[in-house]
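Each chain, written out:
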Amino acid sequence: MIIGSALVALVALALVAVVSFRWGASDTPAVLPTVSPEPTAVEELTAKEVYDTVAPSVVIIEALDAGGKTTATGTGVIASAQGVILTALHVVKGAGGVRVTFADGTQSAATVRAADEEIDVAALAAATLPQIVVPAVLGSSGRLSVGDGVVAVGNQLGMVRSATTGVVSGLDRSATGTGGLRLSGLIQFDAAVNPGSSGGPLVNTRGETVGIVVALANPTTAGTFIGIGFAVPIGAAAAAGGGDGPQQ
């Protein structure tokens, strides 16, 4: 009986060893699953940080009659280190003169150096530049998606350098601009814009200017904001100004 019990015990130990070999250690190295690193998220700025980034580049634009009286106001944004200012063409079209006021208070006469009526964009050259020229950071409108956050900065209704927030609400839109011109390839957004906002920058949440505000939609003749604004993509706007802008 003792010998039988010992034999049973030895058989049991052998079975345990076999099971341990099969389900435990192995001569074949274990293959660990590959973990793909997650893409690094781009840090988004707050609306205040976006405004602080672009505000030094925003310009007040006044269209003047032959006697020097202001007939229309709009907004512009410095788009190059040489001081080229992008704005909406309809703000300055037909004006007897143009006056610009930079963020530091510097005022200067300006002339239209280039324009593209098909997209309602003009580039201005100021006779006198500020001591420090702060160009806006130009982004790529081709990376925009519906729902992306944006900030519009402009001089709407005479309230200079106002900031409003919203989202991109459509891409590749068409709209009727000032004067009945049909515009296409536009960014649609819902940050509030009004008369005086025209020519101002539309800025993404990384502080990059991605468009130039040119129009708003209103089924009435009031010409005020009801929730839909339009901007020309910055690539097209910069090209209209004769500069090397980012790709759309």
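Structure's up top.
Residues numbered from 1 in each chain as written. Predicted model: local features only at pLDDT ≥ 70, side-chain atom pairs only at ≥ 80, totals over all residues. Heavy atoms only, no water.

### Quick word on the overall build of the protein chain
Turning to step 1, where the next piece is worked out: A tally of helices and strands in the protein chain yields four helices and twelve strands.
Turning to step 2, where the next piece is worked out: In the protein chain, buried positions account for 42% of the 248 residues.
Turning to step 3, where the next piece is worked out: At a minimum sequence separation of 6, the contacts of the protein chain that also span at least 24 residues come to 59%.
Turning to step 4, where the next piece is worked out: Within the structure as shown, the protein chain displays about 13300 Å² of accessible surface, and the carbon and sulfur contribution to it stands at 58%. (Helix = DSSP H or I, 4+ residues; strand = E, 2+ residues; numbered from the N terminus. Buried < 20%, exposed > 50% of the residue type's maximum accessible area, 1.4 Å probe, protein only. Contact = heavy atoms within 4.5 Å. Areas by Shrake-Rupley, 256 points an atom, 1.4 Å probe, with all protein chains shown as cover.)

### Points about the environment of Ala 79
Turning to step 1, where the next piece is worked out: Inspection of the secondary structure assignment puts Ala 79 in the loop between strand S2 (70–78) and strand S3 (85–88).
Turning to step 2, where the next piece is worked out: Since its relative accessible area comes to 19%, Ala 79 is described here as buried.
Turning to step 3, where the next piece is worked out: Between the C-alpha atom of Ala 79 and that of Ile 234, which follows or precedes it by 155 residues, the distance is 9.7 Å.
Turning to step 4, where the next piece is worked out: The residues touching Ala 79, leaving out its near neighbours within four places in the chain, are Val 84, Leu 86, Pro 135 and Leu 138.

### Considerations on the sheet that holds strand S5 (residues 107–116)
Backbone-to-backbone hydrogen bonds join strands into a sheet, with any given pair of strands oriented parallel or antiparallel.
Turning to step 1, where the next piece is worked out: Ordered by their spatial adjacency, six strands build a closed barrel running S1-S2-S3-S6-S5-S4, and the pairing between neighbours is antiparallel. Neighbouring strand axes in the sheet, compared pairwise and without regard to direction, differ in orientation by 40° on average.
Turning to step 2, where the next piece is worked out: Pairing of S2 with S3, which is carried by three bridges, proceeds in the antiparallel orientation. Looking at the pairing, Val 77 lines up with Leu 86 of S3. (Pairing = 2+ DSSP bridges. Axes fitted to C-alpha atoms, helices over the stretch in contact; angles between N-to-C directions.)

### A word on unusual backbone geometry
Turning to step 1, where the next piece is worked out: Its identity is not glycine, yet Asp 120 carries a phi of approximately 60°, on the positive side.
Turning to step 2, where the next piece is worked out: Here Asp 120 lies in the loop between S5 and strand S6 (121–126).
Turning to step 3, where the next piece is worked out: The phi torsion at Asp 172 lies on the positive side, around 55°, for a residue other than glycine.

### Some thoughts on the sheet that holds strand S11 (residues 209–216)
Turning to step 1, where the next piece is worked out: Spatial strand order, S7-S8-S9-S12-S11-S10: six strands in a closed barrel with antiparallel pairing. Here the average twist between neighbouring strands, direction ignored, is 50°.

### Concerning the nonpolar core
Most often, soluble globular proteins have nonpolar side chains that are buried together.
Turning to step 1, where the next piece is worked out: Membership of the largest hydrophobic core comes to 36 residues, with the highest contact counts inside it found for Ile 61, Ile 85, Leu 86, Val 92, Val 100, Leu 124 and Val 232.
Turning to step 2, where the next piece is worked out: At five residues, the largest contribution of residues to this core is made by S6.
Turning to step 3, where the next piece is worked out: Not counting chain neighbours up to four residues away, the residues in contact with Val 100 comprise Val 59, Ile 60, Ile 61, Ile 85, Thr 106, Gln 107, Ser 108, Ala 110, Leu 124 and Ala 126.
Turning to step 4, where the next piece is worked out: One finds Val 150, Phe 189, Val 210 and Ala 231 within the second-largest nonpolar core, a separate group that totals 13 residues. (Core = buried A, V, L, I, M, F, W, Y, C linked by side-chain atoms within 4.5 Å.)

### Structural notes on the pairing of S5
Turning to step 1, where the next piece is worked out: Examined bridge by bridge, strand S4 (residues 97–101) and S5 share four bridges and lie antiparallel to one another. Bridge pairing in S5 links Arg 99 to Ala 109.
Turning to step 2, where the next piece is worked out: Counting the residues in the hairpin turn of S4 and S5 gives five residues, including Gly 105, whose phi is positive at 100°.
Turning to step 3, where the next piece is worked out: Here six bridges tie S5 to S6, and the two strands are oriented antiparallel to one another. Bridged to Thr 111 within S6 is Ala 125.
Turning to step 4, where the next piece is worked out: If you look at the hairpin formed by S5 and S6, you'll find four residues sitting between the two strands, and Asp 120 has a positive phi there, around 60°.

### Quick look at the pattern of salt bridges
Turning to step 1, where the next piece is worked out: If you walk through the whole model with that rule in mind, you get four salt bridges.
Turning to step 2, where the next piece is worked out: Among the salt bridges present, the one from Arg 99 reaches Glu 62, with a minimum N-O distance of 3.0 Å. Separated by 37 residues along the polypeptide, Arg 99 in strand S4 and Glu 62 in strand S1 (residues 58–64) bring together distant segments of the chain.
Turning to step 3, where the next piece is worked out: Residue class for Glu 62 comes out buried when judged on its relative accessible area of 14%.
Turning to step 4, where the next piece is worked out: Glu 208 is the salt-bridge partner of Arg 206, the closest N and O atoms lying 3.5 Å from each other.
Turning to step 5, where the next piece is worked out: Accessibility expressed as a relative area gives 36% for Arg 206, which makes it partly exposed.
Turning to step 6, where the next piece is worked out: Exposure remark for Glu 208: the relative accessible area of 18% places this residue in the buried category. (Salt bridge = Lys/Arg side-chain N within 4 Å of Asp/Glu carboxyl O.)

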